[in-house]
Amino acid sequence: MSADLIALGAAAVASAVRDKRTTAAAVLEASLLRIAETHAEGSSLNAVLHPAVAGPETEPLAMGALAGVPVAIKDNFATRSLPTGCASKILEGWVSPFEATAVRKLREAGAVVVGKTNMDEFAMGSSTENSAYGPSRNPLDPTRAPGGSSGGSAVAVASGVAPIALGSETGGSVRQPASFCGIVGVKPTYGRVSRFGLVAFASSLDCVAPFGRTVDDAAFATEVISGHDVNDATSSDRPVPAMRVGPGSLEGMVVGVPREYFPATLHPEVKERCGKAIASLKAQGATITDVSLPHTDLAIPVYYIIAPAEASANLARFDGVRYGLREKGAGVREMYEATRARGFGPEVTRRILLGTYGLSAGFYDAYYRKAQQVRALIAQDFAKVFASGVHVLFTPTTPTPAFKLGAISDPYEMYMSDIFTVTANLAGIPGMSLPIGRVDGMPVGGQLLANHFDEPTMFRAAYALEEALGAGAHR
Ligand code: GLN
């Protein structure tokens, strides 16, 4: 019964727990059982690295809005009772002495952490294949990638472990896996949610980003975790508006369709599903307008200068002294080198090298400064479109549905799977992905982007689209 309840969503679980139709312990048991089922030998989805153990730590702190709701948390959030390892050997076994603000807020609303989820090491990747613990698998076709880097959290939601999960976004790591797994993923405005306790990757891009099985679950999670935090100087003190706006007419809403997001190379059936979604936004009363974001094609090169540069600085702290792994060495320098050489996987090493190069004397102006200038142009593209009266933008989330595990070995080709998502991180605007249909059984995600701090308008479009597509989104 509790397993069916999890499928009904966060609000249904919380009200059943509050009304004593079930208990938080029974819901937790169902969730842990589901984790065990999805980890069955020989067919493991490998979504959860560290499952919770029922006990005092898994008792809800309050009978609040999320009373007894199981939540899965990406392995790069500091949690107190479970290890925080970023799916990296360098942090193996490390347990944080403090808790991330977003996790604390979920728990203070009554949610129960059921496990820490698999991810690309330090959130660098688009398939979870960069995890030191092996990839997660897409529940809809286990030979395919669930997307990444927050793939484990996406799989946890898509396979019924929890109605809500936390992921993190630097360039699309929640929207892309949401699209691949047929669920909803939200990247809030930069600054909307405190990043305290989220292990830093690229600080000017990183966002805490929730998944939900439905738009309502995703809006619910976003609302609960938002708000100012004295522990994160980049968190905004703007009031948090209601995000669970529910379905309604889109009369008066102007939806822009940026032509750069529909290149000739776009998968034809992804394009066709987008066309249907746009038609249904129109049928709900929205005005559809063609727009241009001319600097879009520069987003991937800019991102792959800025993100590795910031990562190379942030990851300097993993030195064998402060956290986790320590290798032996003749002196301190040898110890650092041995620890970092053994602790970091190949993609993380590549990013540190790229980033260090881009920031080094003589190259800083040519690369990092130039990238920041182009980043400003990308942000300006969005600012102009929103200033012209457009309320939200609609695009595909990814150029193709989920690819096969092992199919992409060229890092550049992998980087291109974020081509439609990195722009929102560079501009700091909110974005989300929701299911809009299927191609050969695999989900296709549609992306909605809105102006800074305008999550409610984005959700308004999402609720309407979800309602209009209904079962159609799942065919
Ligand atoms: N896939 C992108 C990268 O590898 C984005 C990652 C993310 O959003 N954390 O950097």
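Preceding this paragraph is the structure being described.
Predicted, not measured: the structure shown is a model, and the values here were computed from it.

Draft legend 1. Region of interest: the overall build of the protein. Scanning the protein for helices and strands turns up 15 helices and 11 strands. By the compact-globule yardstick of 23 Å for 475 residues, the protein fits well, its C-alpha radius of gyration being 21 Å. The C-alpha extent of the protein, read off along each of the three principal axes, is 70 × 60 × 45 Å. For the protein, with 475 residues in total, the buried portion stands at 57%. Put simply, 76% of the contacts in the protein that link residues at least 6 apart link residues at least 24 apart.

Draft legend 2. Structural context of the packing of helix α7 (residues 215–225) against helix α15 (residues 455–469). Following both chains from N to C, one finds α7 and α15 inclined at 165°, their axes separated by 10 Å at the closest point. Between α7 and α15, the angle is such that the two are roughly antiparallel. Crossing geometry of α7 relative to α15 is assigned as left-handed. Of the residues in α15, those in contact with V215, A219 and T222 of α7 are E455, F459, A462, Y463 and E466.

Draft legend 3. Up close: helix α3 (residues 24–38). When the terminal C-alpha atoms of α3 are compared, their 21 Å separation across 15 residues agrees well with the 21 Å that a helix rising 1.5 Å per residue should span. Turning to α3, its buried residues number three or more, namely A24, V27, L28, A30, S31, L32, R34, I35 and T38. Against α1 (2–8), α2 (10–18), β1 (48–51), β2 (70–74) and β3 (112–117) lie the buried residues of α3.

Draft legend 4. Representation of the pairing of strand β11 (residues 442–450) in the model. With eight of its nine residues buried, β11 lies for the most part within the structure. Summarising the sheet, strand β9 (residues 392–396) and β11 pair through five bridges and their orientation is antiparallel. Bridged to L393 within β11 is L449. Two strands pair when backbone bridges link them, and strand β10 (residues 431–439) and β11 are joined in this way by eight bridges, in the antiparallel orientation. Along β11, the bridge assignment pairs V439 with M442. Counted between consecutive antiparallel strands, the loop separating β10 from β11 contains two residues, among which D440 sits at a positive phi close to 50°.

Draft legend 5. The arrangement of the site of the ligand in detail. Within the structure, the ligand sits among 14 residues, and A123, S126, T170, G171 and S173 are positioned closest to it. Of the residues contributing to the shell around the ligand, the split by class is four nonpolar, eight polar and two charged.

Draft legend 6. Structural context of the nonpolar core. Counting 137 residues, the largest nonpolar core has V71 and V114 as the members making the most contacts within it. In terms of residue count, the dominant contributor to this core is helix α9 (residues 299–314) (nine residues). Setting aside its immediate chain neighbours within four residues, V71 contacts L106, A111, V112, V113, V114, A162, I164, A165 and L166.

Draft legend 7. Spatial organisation of α7. For α7, the buried fraction is high: 11 of the 11 residues fall into the buried class. Buried residues of α7: V215, D216, D217, A218, A219, F220, A221, T222, E223, V224 and I225, and no others. Trailing α7 by a residue or two, G227 shows a phi angle of about 125°, which is positive.

Draft legend 8. The sheet that holds strand β6 (residues 207–212), seen in detail. What the 11 strands build is an open sheet, ordered β1-β3-β2-β4-β6-β5-β10-β11-β9-β7-β8; its pairing is mixed. Because the sheet does not close on itself, it has two edges, and the strands there are β1 and β8 (287–291). For this sheet, the mean angle separating the axes of adjacent strands, direction not counted, is 30°. Helix α8 (residues 268–283) contacts β7 (254–258), β8, β9, β10 and β11 of the sheet and is inclined by roughly 115° relative to β10.

Draft legend 9. Representation of unusual backbone geometry. Going from G148 to S149, the amide bond is cis rather than trans, its omega being 10°. Take S149: it is sitting in the loop between β3 and α5 (151–158). Positive phi, normally seen in glycine, also occurs at A87, with a value near 50°. Following the sequence through the fold, A87 ends up in the loop between β2 and α4 (101–108). Owing to 31 C-beta atoms within 10 Å, A87 belongs among the buried residues under this scheme.

Draft legend 10. Focus on the packing of α9 against helix α11 (residues 346–359). One can describe the packing of α9 onto α11 by two numbers: an axis separation of 7 Å at closest approach and a directional angle of 100°. As judged from the angle between their axes, α9 and α11 are roughly perpendicular. Contacts between α9 and α11 pair I305, P308, A309, A311 and S312 from the former with R351, I352, L354, G355, T356, G358 and L359 from the latter. The residue makeup of the contact of α9 with α11, split by class, is seven nonpolar, four polar and one charged.

Draft legend 11. Representation of the pairing of β9. In terms of residue burial, β9 counts as a mostly covered element, since five of its five residues are buried. Neither face of β9 is exposed, since V392, F394 and P396 on one face and L393 and T395 on the opposite face are all buried. Relative to β9, β7 is paired through two bridges, and the arrangement is parallel. Each bridged residue has a counterpart across the sheet, and for G256 the counterpart in β9 is L393.

Conventions we followed
Residues numbered from 1 in each chain as written. Predicted model: local features only at pLDDT ≥ 70, side-chain atom pairs only at ≥ 80, totals over all residues. Helix = DSSP H or I, 4+ residues; strand = E, 2+ residues; numbered from the N terminus. Rg over C-alpha atoms; globule rule 2.2 N^0.38 Å. Buried ≥ 20, exposed ≤ 12 C-beta atoms within 10 Å, placed from the backbone. Contact = placed C-beta atoms within 7 Å. Axes fitted to C-alpha atoms, helices over the stretch in contact; angles between N-to-C directions. Parallel < 35°, antiparallel > 145°, perpendicular 65-115°, else oblique. Left-handed = near helix turned anticlockwise from the far one by under 90°. Expected span 1.5 Å × (residues − 1). Pairing = 2+ DSSP bridges. Near = placed C-beta within 6 Å. Nonpolar A, V, L, I, M, F, W, Y, C, P; charged D, E, K, R; others polar. Core = buried A, V, L, I, M, F, W, Y, C linked by C-beta atoms within 7 Å.

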